[in-house]
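# Structural features, examined
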Amino acid sequence: MRIGHGYDVHRYKEGRPCILCGVTVPSPFGPDGHSDADVPVHALMDAILGAAALGDIGKLFPDTDEQYKGISSILLLSRVMERIREKGYTVSNADITIIAQKPKLAPYIPEMKALLAEKMGVSPDDVNVKATTEEGLGFTGACLGMAAHAVVLLKSI
Ligand code: MG
């Protein structure tokens, strides 16, 4: 068993799509970034890579590389899964926390969980996605952006 943690933050921008865990959430603003800026999936990939001692997504998919401009983070997650399988691991379980004042995420969480489980090749019972606010405090409270944490346990195949 190997454990990994991931953390990510993106600034909000008006008119950007709000794609979280591969699900498009209706919102007048969304996370800005080089890729689709799927904040929880970035945290998740860093947790997986961390557990496998494979570095981080910045090293694997540099944001200076044009081929990753606007790329789906769910597609990158599939590549991360390939990398860890090559090393003899698979995901045992994953727990993700999204920190955002807005938009309201609760209605979309079952779909997020199902999609991530499918992409990682695990049971939906092995994936947890939750959302919280910071009670109006800090940059998430001011709706300047959102943050996400992920913790992942890997097991040998
Ligand atoms: Mg990121």
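Predicted model, so just to flag it, every value in this text is computed and none were measured. (Residues numbered from 1 in each chain as written. Predicted model: local features only at pLDDT ≥ 70, side-chain atom pairs only at ≥ 80, totals over all residues. Heavy atoms only, no water.)

Below, the discussion takes up the side chain of T140. Its location among the elements puts T140 in helix 5 (residues 138-141). Under the relative-accessibility criterion, T140 is labelled buried at 1%. Here E134 takes part through its side chain, which lies 2.6 Å from a polar atom of the side chain of T140. Leaving out residues up to four positions away in the same chain, T140 has contacts with I99, Q101, E134, G145, M146 and A147. (Helix = DSSP H or I, 4+ residues; strand = E, 2+ residues; numbered from the N terminus. Buried < 20%, exposed > 50% of the residue type's maximum accessible area, 1.4 Å probe, protein only. Polar contact = N/O pair within 3.5 Å; in protein donor to acceptor, adjacent residues only side chain to side chain. Contact = heavy atoms within 4.5 Å.)

You can see I157 is positioned in the segment after strand 7 (145-156). For the pair formed by I157 and S92, sequence separation is 65 residues and the distance between their alpha carbons is 9.9 Å. When residues no more than four places from it in sequence are discounted, the contact partners of I157 are R85, G88, Y89 and T90.

Ligation of the magnesium ion by protein atoms is provided by D8 (OD), H10 (NE2) and H42 (ND1), these donors lying 2.2 to 2.3 Å from the ion. Taken in chain order, the donor set of the magnesium ion reads D-x1-H-x31-H. Classification of D8 as buried rests on a relative accessible area of 16%. (Donors = N, O, S within 2.8 Å, 3.2 Å for Na, K, Ca; no water.)

It is at 10 Å that the axes of helix 1 (residues 39-51) and helix 3 (residues 73-86) come closest, and there the two elements cross at 10°. One element, helix 1, and the other, helix 3, form an angle in the roughly parallel class. Residues V41, H42, L44, M45, I48 and L49 of helix 1 form the contact with helix 3, whose participating residues are S73, I74, L76, L77, V80, M81 and I84. Within the contact of helix 1 with helix 3, the residues separate by chemical class into 11 nonpolar, two polar and no charged. (Axes fitted to C-alpha atoms, helices over the stretch in contact; angles between N-to-C directions. Parallel < 35°, antiparallel > 145°, perpendicular 65-115°, else oblique. Nonpolar A, V, L, I, M, F, W, Y, C, P; charged D, E, K, R; others polar.)

Here the structure, examined in full by the defined rule, presents two aromatic pairs. Seen from their ring centres, Y12 and F29 are 4.6 Å apart, and the 50° between their planes marks the pair as tilted. Taken together, the residues span a long stretch of sequence, with Y12 in strand 1 (residues 2-14) and F29 in strand 4 (residues 29-31) at a distance of 17 residues. For Y12, a relative accessible area of 10% translates into the label buried. (Phe/Tyr/Trp six-rings, centres within 6.5 Å; stacked < 30°, edge-to-face > 60°.)

To continue, consider a nonpolar patch on the surface. Together, Y7, V9, F139 and L144 make up an exposed nonpolar region whose accessible area comes to about 350 Å². Among the structural elements, F139 can be located in helix 5. (Patch = residues over 30% accessible without salt bridge, like charges linked within 9 Å, V, L, I, M, F, W, Y side chains within 5 Å. Areas by Shrake-Rupley, 256 points an atom, 1.4 Å probe, with all protein chains shown as cover. Salt bridge = Lys/Arg side-chain N within 4 Å of Asp/Glu carboxyl O.)

Side chains on a regular strand alternate between the two faces of the sheet. Both strand 1 and strand 7 contribute to a ladder of 10 bridges, which runs antiparallel. Among the inter-strand pairings, G6 is bridged to a residue of strand 7, identified as A150. Of the pairings in the sheet, the one linking strand 5 (residues 89-99) to strand 7 comprises 10 bridges and is antiparallel in character. Across the sheet, D95 pairs through a bridge with V151, a residue of strand 7. (Pairing = 2+ DSSP bridges.)

Inspection of the secondary structure assignment puts D36 in the loop between strand 4 and helix 1. Here D36 occupies a buried position and makes no salt bridge, while the nearest side chain of opposite charge, R16, is found at 6.5 Å. A distance of 3.3 Å separates the side chain of D36 from the backbone nitrogen of D38, its partner in a polar contact. At 2.5 Å, the side chain of D36 forms a polar contact with the side chain of S73. Sequence-distant contacts of D36, defined by excluding residues within four places in its chain, comprise R16, I19, P31, G70, I71, S72 and S73. (Lys, Arg positive; Asp, Glu negative; His and termini not counted.)

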